[in-house]
Amino acid sequence: VVQFRFPAYSTPSQWTTIAFQNPDIRIQFPGPVRHRVEQTVLPGVYVPTPQGIFTSRGEAGVSYMLTVITYPGEILPLEQDIFLKSEIIRIVPGASLISFDPVAPSYSQGTLARDFLMQNNAEGTYVQGRIVRDSATFYTLLVIYPNGYFPEKDFNHFIQSFLYVQ
């Protein structure tokens, strides 16, 4: 098999798969992945809550990120879209939400997903991704790229590689 290398994209052999259990989740990142856990104070929750953050760097300084957080207790409001938007804004402070669109049902029943695009004028970047909610757990996939450079092929690979099986 011959593989061609295009300057703006990663080759499939560079993708690193990360897997979780309960639920069964898999996602691919371009290159090595760093993992850290941060303690985050959430709106309405006054105790620190752990948030898993997985990051990788692609070509041209593009960042790929998955955040995983489970809200404690029954604090989730009834208006799902408002809550999902507030979760994205919490993760990417200072950025303006440009679009927020429902995702065709492709995950487990009862799972809610939205695609989004944000712009951060102060940093000259766009943030594009998907947020997936299952019960009180949120999986936020983010790709951060400079204005004028959208890594479409790698973005699509990253988003489509997220496999979630309840």
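### Regarding helix H1 (residues 80–91)
For H1, which comprises 12 residues, the first-to-last C-alpha distance of 17 Å matches the rise-based estimate of 16 Å (1.5 Å per residue) to within 8%. Residues Phe83, Leu84, Glu87, Ile88 and Ile91 constitute the buried set of H1. Projected onto a plane normal to the axis of H1, the buried residues spread over an arc of 140° and lie on a single side. Of the surrounding secondary structure, the elements contacted by the buried residues of H1 are strand E4 (49–57), strand E5 (63–70), strand E6 (96–102), strand E7 (112–120), strand E8 (125–134) and strand E9 (137–146).

### Some points on the nonpolar core
Of all hydrophobic cores here, the largest spans 23 residues; its most connected members are Ile27, Phe29, Leu66, Tyr139, Phe158 and Phe162. When contributions to this core are tallied by element, the ones reaching two or more residues are strand E1 (15–20), strand E2 (24–30), E5, E7, E9 and helix H2 (152–160). For this core, the element with the most residues is E9, which contributes four residues. If you look at the next biggest cluster of nonpolar residues, it comprises 20 residues, including Leu42, Val45, Ala95 and Ala136.

### Side note on the pattern of salt bridges
Tallied over the entire structure, the rule returns three salt bridges. For Arg36, the salt bridge goes to Glu38, with nearest N and O atoms at 2.9 Å.

### Structural notes on the side chain of Thr67
When you line up the elements, Thr67 lands in strand E5. Thr67 has contacts with Gln51, Gly52, Ile53, Ile91, Phe138, Tyr139 and Thr140, leaving out every residue within four places of it along the chain.

### Brief notes about the pairing of E9
Of all 10 residues that make up E9, eight are buried, and the element is covered over most of its length. Here E5 pairs with E9 via eight bridges, running antiparallel. For Met65, the partnering residue across the bridge sits in E9 and is Leu142. Here E8 runs beside E9; their pairing, made up of 10 bridges, is antiparallel.

Parameters and conventions
Residues numbered from 1 in each chain as written. Predicted model: local features only at pLDDT ≥ 70, side-chain atom pairs only at ≥ 80, totals over all residues. Heavy atoms only, no water. Helix = DSSP H or I, 4+ residues; strand = E, 2+ residues; numbered from the N terminus. Expected span 1.5 Å × (residues − 1). Buried < 20%, exposed > 50% of the residue type's maximum accessible area, 1.4 Å probe, protein only. Arc of directions from axis to C-beta. Contact = heavy atoms within 4.5 Å. Core = buried A, V, L, I, M, F, W, Y, C linked by side-chain atoms within 4.5 Å. Salt bridge = Lys/Arg side-chain N within 4 Å of Asp/Glu carboxyl O. Pairing = 2+ DSSP bridges.

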